[in-house]
Every structure is written in structure tokens, then in C-alpha cells.
Protein chains: 4
Amino acid sequence: MSGRSFLQIPGPSLVPERVVRAISQPLIDHRGPQFAALLGEVTRGLKDIFRTVEGRILLFPGSGTGAWESCIVNTLSPGEKVLGCVNGHFSELFCRTATAHGIDVERLEIEYGAGVPAEQIEQRLRRDRDRQIKAVLVVQTETSTGVTSNLAAIRKAIDAANHPALLLADVVSSLGCNDLRFDEWKLDVALTAPQKGLMLPPGMALLAVSEKALEANRSAKCARSFWDWQPVLASNVGGHFPYTPATALLFGLSESLKMLSEEGLENVFQRHARLAEACRRAIAAMNLKLFAQNPAEYSNTLTAVAMPDGLDSDAFIDHTLKLVDLPLGKGLGKVKGKLFRIGHLGSLNELELLGVLAGVEMALKSFGVKIPLGAGLAAAETYLLETAKKRSPL
Amino acid sequence: MSGRSFLQIPGPSLVPERVVRAISQPLIDHRGPQFAALLGEVTRGLKDIFRTVEGRILLFPGSGTGAWESCIVNTLSPGEKVLGCVNGHFSELFCRTATAHGIDVERLEIEYGAGVPAEQIEQRLRRDRDRQIKAVLVVQTETSTGVTSNLAAIRKAIDAANHPALLLADVVSSLGCNDLRFDEWKLDVALTAPQKGLMLPPGMALLAVSEKALEANRSAKCARSFWDWQPVLASNVGGHFPYTPATALLFGLSESLKMLSEEGLENVFQRHARLAEACRRAIAAMNLKLFAQNPAEYSNTLTAVAMPDGLDSDAFIDHTLKLVDLPLGKGLGKVKGKLFRIGHLGSLNELELLGVLAGVEMALKSFGVKIPLGAGLAAAETYLLETAKKRSPL
Amino acid sequence: MSGRSFLQIPGPSLVPERVVRAISQPLIDHRGPQFAALLGEVTRGLKDIFRTVEGRILLFPGSGTGAWESCIVNTLSPGEKVLGCVNGHFSELFCRTATAHGIDVERLEIEYGAGVPAEQIEQRLRRDRDRQIKAVLVVQTETSTGVTSNLAAIRKAIDAANHPALLLADVVSSLGCNDLRFDEWKLDVALTAPQKGLMLPPGMALLAVSEKALEANRSAKCARSFWDWQPVLASNVGGHFPYTPATALLFGLSESLKMLSEEGLENVFQRHARLAEACRRAIAAMNLKLFAQNPAEYSNTLTAVAMPDGLDSDAFIDHTLKLVDLPLGKGLGKVKGKLFRIGHLGSLNELELLGVLAGVEMALKSFGVKIPLGAGLAAAETYLLETAKKRSPL
Amino acid sequence: MSGRSFLQIPGPSLVPERVVRAISQPLIDHRGPQFAALLGEVTRGLKDIFRTVEGRILLFPGSGTGAWESCIVNTLSPGEKVLGCVNGHFSELFCRTATAHGIDVERLEIEYGAGVPAEQIEQRLRRDRDRQIKAVLVVQTETSTGVTSNLAAIRKAIDAANHPALLLADVVSSLGCNDLRFDEWKLDVALTAPQKGLMLPPGMALLAVSEKALEANRSAKCARSFWDWQPVLASNVGGHFPYTPATALLFGLSESLKMLSEEGLENVFQRHARLAEACRRAIAAMNLKLFAQNPAEYSNTLTAVAMPDGLDSDAFIDHTLKLVDLPLGKGLGKVKGKLFRIGHLGSLNELELLGVLAGVEMALKSFGVKIPLGAGLAAAETYLLETAKKRSPL
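1. Some details on the sheet that holds strand β1 (residues 56-61) of chain A
Residue and element names in this part refer to chain A.
Okay, step 1: Spatially, the seven strands line up as an open sheet ordered β1-β9-β8-β7-β4-β2-β3, and their pairing is mixed. Looking at the sheet topology across the chains shown, the edges are occupied by β1 and β3 (104-109). Each neighbouring strand pair of the sheet contributes to a mean axis angle of 20°, computed without reference to strand direction.
Okay, step 2: The pairing of strand β8 (residues 189-192) with strand β9 (residues 204-209) spans four bridges and is classified as antiparallel.

The structure is reproduced here in C-alpha cells:
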């Protein structure tokens, strides 16, 4: 393939070359003073991104699925009950992780395409008079549907019910892409992975945990070793880890945190919002429908597009890959074949997005969907021009 | 700047990451056996690209302007006459290089935007009864105007005049982008630089030279040391150079030659032709005019677009850079302010080109040019779809 | 720091630049066809290194400590008994991992510095008439002491006792460094991490598992989700993973497997053996003692050197880092302060080792240990010359 | 080859990975504002290294040999006389460059191994009553012999003779390695290449030129185009070049200048001096002789070692490459076969140097030279310990 390839699955996204170069640095002793400095830097940077002062940061080599396990086994005991909000494939899997470790998951089923309704959580918790529900599990951005739930509202709902349940949030496809306030929203665990808004290759699990979560940790009975928080927290005091850390990724993380800080977190969110809106306008101009139902819940990380009736999105995605070498995200689980997902997260700019949208237009057209070529692009261009800020070229 | 930046000047183009990684290899002894093997590999690969069996390859750290000097001082003597075909900024400079070294340049002035007319060369050479003209200087692709002259026809013209003049061709913006046949067209010198079709960072001068050019070299009296061919040819026999070569670039060249060979030279040319035609159709749909006058001479390396009357292309290019971070080529020399140039050479694909065209549309619109947003893109998409080949994704 | 830094802890070792460059490749869709090809390649290559035809390969983002957990929770049930051979810090931690998951670990205590005595295993298993012991846990190379136990003999011991226990082996500091025969020695799990003989940055857990281990897996009751083998094996059939894999590391692994295959596994082992012996001879010539007791068990991956009486090895290691920027491995757990460890694994050559030994000499001398400067180096040089093979410089 | 290879020729030396990574950055428009900023940064940094406030910096893609040509053709006219100091292969070639361009070179022949005698220059210039000698050509560090001449003394000699000749100095193997004061020593041209003390891959010619040299430039009649200073100086005002510059190398140069500035130029010189002295002590302890005759002129960039009588240094160097993969510098020109050269310049540290010296010991021993293994190393270690400064590990 000539030229630079595109990777428009909703994460991992392409790693910026600054980060690639940082990852290429020679390894250092993970028990030495240079490493301790690196860890300090990365921890401080992550706290800024999580918007937490009080929370503790935990890093593991692993993945987002590992972060689920680390969250569950450190805060809960087998047999305990949790309220699991299921509105997509990844919230489904988050709940299954809990089940695998003996947790009794009461499922709050939500239609795919909708966000988690805070009021239903409040109602359920109010009914939980004897405080059997130990935690609420929720995914902020459902990567399978392109829906971002309102975490602030969920926090208010729990408070309104005056319920002590922990709020355990998957922020994998949110952190570094949209607003997230660990302290303000009193999250107890916010778990994530680095290949989304943090712009790294996959290979880590990251968690921010509250004092209340740490208290729960002391009495949590789930068997654990690798994912155990206590040895990590203890070792981190001395600037190292109880296991061999993924040093190269930490080099990269240090650089991507620097980039986010240079751009400014608010600007990063605005950029995501602007590119996402351009994408949605293009989709609308192509006469296609978004899978997400509620504009207030549209994700700025990815856009899930409903496949026109009678067409299989898996086949469309294969076609797109062959036609223009553009990988898109498939429909997962219950929505297999029904939608395709366009990632517009991490390190991305207007011209790249427009190239992607052109690829989507071409692929749709040649897949037999009746769309006017160029219409989606014109809509995106128009919006981008309306919202353009001239930048200084330096 | 978030995302990957674009560089749509007509060379240097962006270096493919395979080549970037090759350049990153640790340096080796430029007088050792590993280097000799590298040089052999690179020389063989270049001969394939130049389509020469008999020609000799000469490599210098330098630039295309250095290649001009190397060509002139090695084949000519002060006071000798040459016929210099001037149809753009770079052919102008090529001729000035000859003048600087005491050569008497008779200029064949051609309107900027037109190619070199073979018939005029034939006429002039026929009139040169006492064979005063020692060489014809011609630029295959005028990077300043987007015009590719017909070198095969020029060779035929010289033959028709039965004239012994050397044919000295600048193929900087042609080699690796469009057809070029050193042996078949009996070129005497074909000089180039690596930052165009060879997909490297700038920093070299490359020449293929014929047996006849080497003969001329023996009697050429221009003063020379660095650019002298003889010490290079002598050292190359032993696998090294009389100066410290740009080893890192040679690592890269070895890789880019591998890439060109993997894709197949004909496929590389077709890709350039297809992307170039898509670009031209987009420009036409934007109701803008090409600067090149003759469709048979449209360059597949770059497209020069005439700036609408009353607008300054320098200002437009600055605007484009600020608006969408897209560097385009300015009008050079006589055409300063009158055109902008879009490079579509080297490692480039459809989605990148479409992103670039979207950027051009947005920039034009916001610069005040009345264009229908999306029209250019639709034209390009339509053409690309008509000419698409589904590829195997592996 | 000027020049290239050294990293002589016993892993991670420095990553060869070929691997660094491979890791730098742009990410690809981990659910696409290119990824499936990569996975196939890596799996086949690992089977060659593990010397297994029948075994299944499992890859996780994680670490060696994660591989312990994956091994334990997939093959055992809470309450089951295992025989844990403890002859160093890492075998200690391997056993603690089992304990953390409710396994009843019967410890076979072995003096630190000695290998695992096969005959004691045989005796214990013979006494285990009702087959309560479900598995034997053993670390092939104890990274904390520089001792490599005889896995072949342990296999024979289990067979001699005619006992059905699984043989679960940590081969972290062995794979790619010394002989290891998964099929021939009938290992049931061989678990490792990539930052040793596989020459990668840390960030993965790798396991080879036997058919018998897979059978045990079906009935194993330990809670598991992330580390569960079944979803991985199921997904791998289609060329992907149930979690987001560490794609960048897999790029690197593909390259390092290529390097091992190019050098030839036997040559890789011989190189490790030769450099290790040179290191030991240098240490002997410095009048220092190895921590490993039995020459037949000397590790070729690292050498643990007993700190002379009255001196603290932690202080010595700090001194060495400050003096010559050379990180060495500290004494861990019970042997803290009593030894220092020199890694000579992965990508390393003679001149690098000699530089390291010179650094050790200088650091010892200036730390107050009475050694004749140059004596250790002379011993190493002598041995290396005796065993030198002239290589072709290409 | 396993491990990191060594490259102990006296330049190019191995490029530090920070610089390698800087070179890997995506290309930018060489006529755009980002480039102008880069050029400004690089120019300012180089002025600091040259220690000039008044001098102008000129950069060309090319090599040191190109810098010779640029120096000659810009300051002199055919037929003019210069005094060429010849004390080694490179000063010989510098003079030949002048001859090639029609300059009348009066050679001051100095024994190879000795520095340029300032008093002889003074005498010759005093005799030049009618000021026929337009320039003195001198090489500060003769890379072929390991001799550094006293430029300050030469300046004084010219002043003492009250002679207006230009002082044209090749500082290729000096800049960034040892003291060099462009303004204080009133150099007129100091020319260099980046692959020595500037720690870059080869591919550039760099010059600092005085006001007086610029004045000479105005009347110099040598034919020139590529190497002409005027168009470069004119373009540089606007932040660009008249040719396509070697942008990737400029990225690298910006980083290496940052590294030199971080370390501090005096510290860089001290490091070179210390490693060079360690090398010389090792050579002495091996009972070998330096080729340089005068301790005050020993180069800190490289050490030329006289091959023991009866042995051919070319064969020894081939042997060394095959035995330990260590490239050393051969004897060039008149001293072919008579010496080998060890580079200890650029980015290098103690352990690397000691590894190199161990390689030299092993190669000598196995080549049949009677040396006590370890003796050279012990001498180097002793000296390094005596002069060690404990560094903070961060």
C-alpha cells in the first residue's frame, strides 16, 4: 500500500509519531532512579487528565478487559451484589467479568443506542433499603454504539438515593476525548486503556481509584494476585512496581501526556467534539442514520452508523477495506452486521477526517447504497469552515 | 497540530515510514564490506528505475541543483555552446548553472505552461552545420509549471537532425513517477534528487550517465573536484566513495527501491497517473484552470493550478497553511503569485489525496473563490471509483 | 550521558534496534486480516522456540507475574494441593501466586544458590499415594540466584514416580537463552515474558500449554476472566483476541523471532553459554565467588556474584550506577544486600560484555574491594579468544 | 551480529539515539515558517559551537570534501597563490581541491605525525613581501594521523608577519571535540562536516565565514554555482535556501546542538580529552607507539597507532573486523598499512571505550602481536578511576 494507512476503528487509533519516537527510547532499569522519575511524571500527568487530586493512579501491563478485572476483584467479594448497567457490548462484558468472579450482577437492561438512565438507577437504589447493592457498574462511552452516558447525572442519582454503592466506571473510550471529572463526580473507580484518548499502542490497564474504593479494597475477598492494588501502591511509593512494568509504553505515555497538556485538555475535547460533529453532519448528508438515539448522548470518540436495511455491515466493512484500505469498526455482539463505526479519536485532524469520509462515501456508493458523492463531504467542510479558527503556522 | 500533517508541495513528499525506519539503522563503516554490498544493491536498483543497462550511476551527497552542476562541469568546457530549453523556473536555473561555469547557453525560450517542442530542437540542430552545439539541456518535468515534456520525441528530433549533441536531462520530478527510459531514449545524463519519486528525504544528487557522456567527460575542461565523476567511478569499483557518503540516505534508498520493486514500476506509474487525473478532475469541477496548456503534457507528479484573476496565490497558500495546515507549492520566478501547485507524488494514496483536495476546497472557499463545496471531491471520487481495482487486503 | 547506555540487570535487556524499528510500525486493525497473518507468524515462531509441535501458545498483554496467574487459575481449583519448589525469590513468588488463589502449596525448600533436586521431587511424589498433588511448580532459571535447574531430570523424576501431576514451569529467564524442550520434557505449562531471551520490551505474558494442561483447564475452578485460556484459544482460531492485543509488541516479537531463527537457536544458546562463561572466568579472576553453588547449574542468562563479606551489595550497585552508569541487578528477598547480578542475555556481544566487566572492575576497585584491575578482563579475553570463530564480516 | 555494533573509525561515529529519533520526524515544507524557525535555531546553535558572534554560518547538503570546494571557490580566483600546509592525507586533499580549481598551491611540507609549525608559516609570510599569498590552508585535526595543530599559534604567526592572507581552516575532526574559537583566532573560514563532533550521519558541509572572507568572496573569480555563498546568504535571510536543504539532517542537527548545549561545551571537550587520554594510556601499556609525535598535538578525536614493524595494518584491521566486529580506521595515502586509527569522538562513554580497547587487545593478541592481555585495559581503568566524577544518576 502506498501512502499512510488509516485506522478508523474506534481505538486503537494511530499513534502520533512523537509518541512512537518516545516509545523507541532505550529501556532503563525499572528499579532505578530514572524510572522513579518517569513514574512520578506519568502519575501526575494522569491525575490531571482524570481531574483528580485525591484519587490514586494504578498502572498495569494489560488491557481494558484487564482493568475490568482489576476493578472488580479489588473492590468486591464473591456473592456480593452489584447493579450492572448494560447498554452495549462492552458494558455487557464488564458485567460478565464481575460474574466470572462470583459477583451477583443485577442487570439494568437498556436498549442499545441509548445511554444509561440516571433516574432508573436512582429508583433502583432507593428500593435497595438494606444496601445489598455494593456497586454500580457503568460504561461512560459505549464503544459498540457510540453513546456517551451522563456520569455526572448518575452520580447525582446515587446521591439522591443516599446510597453508599461504589460507582465503578469504564472510561476507556472517554478519557482524553471528552469531559471526565473523577473528583467532582465522585467516581470510585475509573478504569481505562491507553489506546484511545491517550494515543498509545494498546498494552496497559489504567485505573484511578478513590479513597472509598481503597477502603472497599481492604475487605474485598475476591482472589487476586496480578491485579491486586496493594502491592502496586506499596511499590509505587518507592518509584517502582511489584512486576516488570511496560517501560516502553510508559515512555510513550509520558510524551502523550505532554502533548495533551500542550494542547490543553479543553482544546482536546473541543477538537474531538468538532471533528465528531463534522462526521455526523456528513453521515446525515449521506442520508444515513446514526445508531445513537439521543443527540445529547452522541459520542465524540466514535460514530456508529446504522447500516441501511437489507445490507450487512460486516460485508460493507470488508468491502471498504478492500476498496480504499480503510478499516472501520464492526457491529459487535447483538448488533453484529447492523452498523459500522467510525473512530475519530486521539490524534486526528480535519484533512484526515475528510479523507476518511471520502473513503466512506466511495465505499457506500460502490457497495450499492444510493448516496450523492460529495454531499457528505460538503456538509463536513461547511461545518468545519463555520467553526474554523485560523491558527498560527508555528 | 493533532494528527498527521500533510506536505503537498511537489517534493520533498512525505517519506514512507518503512524508509524512515531504514534510515534509522546504525551507521556502518563506509569503507567496509557491508557498505560495499549496500552500494551494489542501490546501484542495481537505480539502474532498474532509470531503465538502463549500459548507463553508470553516480551518487553524491547534495541536491538536484548539485546534480545540475555535476552534469555540466563533467561534460563541458568553458566557452562551449549548448542549447538550453527554458520553459519554467527549474529549466531556467539549469541553464544558469551552465552559464555560471562559463558555458555559452543559447536559450530556446518556450512559454511557461508548454512543453519543450521537439520540432524546434530539430530545426535548430539542423541549422548547426558545424556542430557548435555540444549539448541539449532539457527538464523532463518542469516542477514549476506541472508540464512533462516528451523526451522520447526530443531524442528522435536530435537523431533526425543527425546531430552529435549530448542530451542532458533533468528528471528530478519524473524518476519513479512517470515513464523514463535511459537506454531506449539514449539519454546522456539523467540527473535527479531522491526526495521525489524515490521517496527519500532530500540530501543527494543522483545521475545516470551514458558511455558517450563519459567520453565527453574525458575532455571536459570545467574546473571540478567534489562533483568530479572519475574519482567516484574509480572508488565505486571497490565499493566505496572518495568522500564520506550519506550512508543513512543510502539505507533509505535501498528500502525505497525495494518498495518500488515490490509495487512494480508500471504500477507505480499508473498510481501516479490515476491520482493525478483525479486531482485534475477535481480542479476542473472547482472551475479552476490548470496552468499546463496541453493535456498530453500534464504532469503526473504535480498539478499547477492557475490562481483566479485578481487573487494572489502566495496569499492563498499562506491562508491554506493557516486554515488546514496544508503546505502547497508557490508560484516560482516569473509565475510568482499566479499559481499554486499540488504535489501528488511519491508515497500517496486515494484517501490522502481526497483529504488534500478537501483542504484545497475549504481554503479556496474561505479565501473568497466561489466554488461549490464538495464538487471537486465528487469528481475525484467518481473517477477513482471508475478506475478502482479491489485489492486483496493482505 | 554520552554514548549508549548499558542495562545489565538480568532482564529486561536492551532491545535490538531491528526490534525497536519493528515496534515502530503503524498500528493495524487487531480484528483485520493483516493481524491474523501476524498472529499466525508469531505463533509458529514461538512454537519453534518452545520446541513444541503439540503445545498451544497463549499470549496476553501482561508480565511474567501475570503468566504465573494465568498458569495457576487455568489449571487448578481452590483447595487443591501442589508441590512448590522454592529455591529463590521468583519461585517464592510463583508459589505465593498459587496461594493467593486458594491453592494449597506444599513447599519444597531448597537452599538459595542450589537447583531443584529432582530426586526429592521423585521421593515426595512416590509418597503421594492418593495423588493429592496436582502439579509441580518449578522455575527453570532462578533469576534471583543465577541457577538453572534441570527440567529434564525433573520430568524423569515425575515419570519415575509414575505420578500424574502437571509440570508447571516458569521459563522466563530461560526461553531463548538456554535449552528448553517443551514436547520432549513433557512440560504442561511453560510460562514466560518477552523481555529476556525474546529481546522485547516488557509488556506480555506468554505460555505454551500441553493437551494435558488443557484437559485440567476444563475442570479448573479458580475464578478467572482476563487470564482465561478458553476465550483466547477460541478467538485465536479466527486470528484475533478477545481483548485488544499489544499489537506493537507483536510486531516486535515477529522481528525478534526472525532474528533468533536467522542466528539459529543452537547458535543463540552457544553465544549465551560463551558470554556467560567469559563472565564467570572474569569474576573468578577478580577473586569473587559466584552465588550459584553447582557448576552444572550455572545460568547462562545471568551471573549472581556474592558480595564480599562486610559489604552491602545494594550500596555497591548504587555506586556502580553513579560511577559508570551501569545498572546491575540487586539481591532480592532473602539475599538482599548479599549479591549483585550481571545480566548477559538477549542481544549482547563480546565487546559489550567486556565493557560491562570493565565497569564492574572499576566499580569494585573504587568501592574498596581489593582486586587487580584488568585481571578479570584478561581472563575473559583469554577465554573468548580460545573460543573465537572468525566470522565473515557480511 | 548480536548486540550493538561498534564503529570506531574516526567518524562517522555512531549517532546518538536522540538524534536518530529527531531525524525521523516527518518532513516539513523547506520554504515554510516552521523551517525558518528550525534554520534560525540551528544557525544560532552552530555559532555557539564555532564560538563566533560575527561569523556567518553556511550549510550545504554535501560532505567535508564539498566544504573544501565551497571554501576555495568562494574566496579565491584561478591563478592566485595560497600556502597549503600538508601534514597528512586530508590536508593533502584540501590542497588538491584548490589545485583542481586553478589555484597555485605552494606546499609547506610537514612530516606526517607532526603538527603545522606556526613559526614556518610566519617565516614564509614575512618573505612574501608583495603579498602574493592570498590564503593559508590548514587542517586543525589531521584525521589521518591523529595530530591537532595549534590554530591559535598559526593565527599569531600570521599576525606577527603582519600578512593579510586569509586563514582557511578545516575543522572537520575538531568542531565539537576540542577547543575552537572562530572569533578569537580570527579564522576566515572554518569548514566542517556533521558526522564528527556534531554526532550526525554524514551528508552536509558546514562553514563559518568571516567578514573578511565575505569581502574576498565578492572578488573571487572561481566558477561556482552550487557552492556559491551569496545565494545561500540571501535566501537564509528569509529563512530558506536556494536549493532543497537536507531537512532531516537539520532536524538531527537541532537535537545534537541541544545535547552539546545541555552537556556544556567545556564538559564535552573534557570528556573527549579524558577518553582520549585513557585510550593513549592503554596503547602505551600494550607497548605500542602512537603515530603522533608530539604530546601537545595529540588529538582528542582519534588516536593513530603505529603498526609494529613487519605487520600490515590493513590486514590487522580486516582481522579485527572479522574477530570482534570492530571497524577501525586504516592508514590512508602515504601511511597505508602503517597505522590503525581508533576514533573516540562524538557520543561515547567509558564502558564503550573499554569494550573497544578490549577488542583491540584481543585482535592484536590473535594477530600475533605480543601483548599482555588486560594490561591496556588496566591502564585505561586506572586513569579513568583517577579522573572519575561521580555523577548523579538522574
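2. Points about the confidence of the model for chain A
For any part of a model where pLDDT is low, the fine detail of the predicted coordinates should not be relied upon.
Okay, step 1: With 99% of its residues at a pLDDT of at least 70, chain A reaches an overall mean of 97.
Okay, step 2: Across the assembled chains, the prediction reports ipTM 0.97 with pTM 0.97.

3. With respect to the pairing of strand β4 (residues 133-139) of chain C
Residue and element names in this part refer to chain C.
Okay, step 1: Of all the seven residues making up β4, six are buried; the element is thus mostly covered by neighbouring parts of the structure.
Okay, step 2: Two elements, strand β2 (residues 81-86) and β4, share four bridges in a ladder whose sense is parallel. Considered in β4, the bridge of Leu-83 is made with Val-136.
Okay, step 3: Where β4 and strand β7 (residues 166-170) come together, five bridges link them in parallel fashion.

4. Some points on the interface of chain C and chain A
Okay, step 1: Counting from both sides, the interface comprises 46 residues of chain C and, opposite them, 46 residues of chain A.
Okay, step 2: For the pair chain C and chain A, the two sides together bury roughly 3,200 Å², of which 67% comes from carbon and sulfur.
Okay, step 3: Across the chain C-chain A interface, the total number found is zero salt bridges.
Okay, step 4: Taken together, the connections running from chain C to chain A amount to seven residue pairs in polar contact (both at pLDDT 80 or more).
Okay, step 5: Secondary-structure elements contributing two or more residues to the side of chain C that touches chain A are α1 (17-23), α3 (64-75), α4 (89-100) and α9 (247-263) of chain C.
Okay, step 6: No other element matches the three residues that α3 of chain C contributes to the side of chain C that touches chain A.
Okay, step 7: Along the lines of polarity and charge, the residues of the side of chain C that touches chain A split into 27 nonpolar, 15 polar and four charged.

5. Focus: helix α13 (residues 375-386) of chain D
Okay, step 1: With twelve residues, α13 of chain D ought to run about 16 Å at 1.5 Å a step, and its terminal C-alpha atoms sit 17 Å apart, in line with that.
Okay, step 2: Of all the positions in α13 of chain D, only Gly-376, Leu-377, Ala-378, Ala-380, Glu-381, Tyr-383, Leu-384 and Leu-385 of chain D are classed as buried.
Okay, step 3: As for α13 of chain D, its buried residues are in contact with α11 (313-324), α12 (350-367) and α13 (375-386) of chain C together with α10 (265-285) and α12 (350-367) of chain D.

6. Some thoughts on the relation of the copies chain C and chain A
Okay, step 1: Of the two same-sequence chains, chain C is brought onto chain A (RMSD 0.0 Å, axial shift 0.0 Å) by a rotation of 180°. Here the transformation between the copies is reduced to the relation of a two-fold axis. Within chain C, Gly-62 of chain C has its C-alpha nearest the rotation axis, a separation of 2.3 Å.
Okay, step 2: In this assembly the copies share their binding face: 100% of the residues contributing to the interface of chain C also contribute to that of chain A.

7. So, the relation of the copies chain B and chain A
Put simply, the second copy of the chain is the first one after a rotation about an axis and a shift along it.
Okay, step 1: In screw terms, the move from chain B to chain A is a rotation of 180° and a rise of 0.0 Å along the axis, fitting with an RMSD of 0.0 Å.
Okay, step 2: The overlap is high: 100% of the interface residues of chain B also sit at the interface in chain A, so the same surface is used on both sides.

8. As for the pattern of salt bridges
Pairing between side chains of opposite charge can happen when their charged atoms approach one another.
Okay, step 1: Scanning all chains against the criterion turns up 104 salt bridges over all chains.
Okay, step 2: Connected through salt bridges with shared partners, the residues Arg-51, Asp-179, Arg-181, Glu-184 and Glu-266 of chain A form a single ionic network.

9. With respect to the interface of chain B and chain A
Okay, step 1: Listed by partner, the interface residues are 42 residues for chain B and 42 residues for chain A.
Okay, step 2: With both chains or domains summed, chain B and chain A bury close to 3,900 Å², and 63% of this area falls on carbon and sulfur atoms.
Okay, step 3: Across the contact surface, chain B and chain A share two salt bridges.
Okay, step 4: A salt bridge links Glu-352 of chain A to Arg-4 of chain B; its shortest N-O distance comes to 2.7 Å.
Okay, step 5: Connecting chain B to chain A are 16 residue pairs in polar contact (both at pLDDT 80 or more).
Okay, step 6: Only α11 (313-324), α12 (350-367) and α13 (375-386) of chain B provide two or more residues apiece to the side of chain B that touches chain A.
Okay, step 7: No other element matches α12 of chain B, which puts eleven residues into the side of chain B that touches chain A.
Okay, step 8: Considered class by class, the residues forming the side of chain B that touches chain A number 19 nonpolar, twelve polar and eleven charged.

About the cut-offs
Residues numbered from 1 in each chain as written. Chains lettered and ligands numbered in written order. Predicted model: local features only at pLDDT ≥ 70, side-chain atom pairs only at ≥ 80, totals over all residues. Heavy atoms only, no water. Pairing = 2+ DSSP bridges. Helix = DSSP H or I, 4+ residues; strand = E, 2+ residues; numbered from the N terminus. Axes fitted to C-alpha atoms, helices over the stretch in contact; angles between N-to-C directions. pLDDT = per-residue confidence, 0-100. Buried < 20%, exposed > 50% of the residue type's maximum accessible area, 1.4 Å probe, protein only. Contact = heavy atoms within 4.5 Å. Buried area = accessible area lost by both parts, 1.4 Å probe. Salt bridge = Lys/Arg side-chain N within 4 Å of Asp/Glu carboxyl O. Polar contact = N/O pair within 3.5 Å; in protein donor to acceptor, adjacent residues only side chain to side chain. Nonpolar A, V, L, I, M, F, W, Y, C, P; charged D, E, K, R; others polar. Expected span 1.5 Å × (residues − 1). Least-squares fit on C-alpha atoms with pLDDT ≥ 70 in both.

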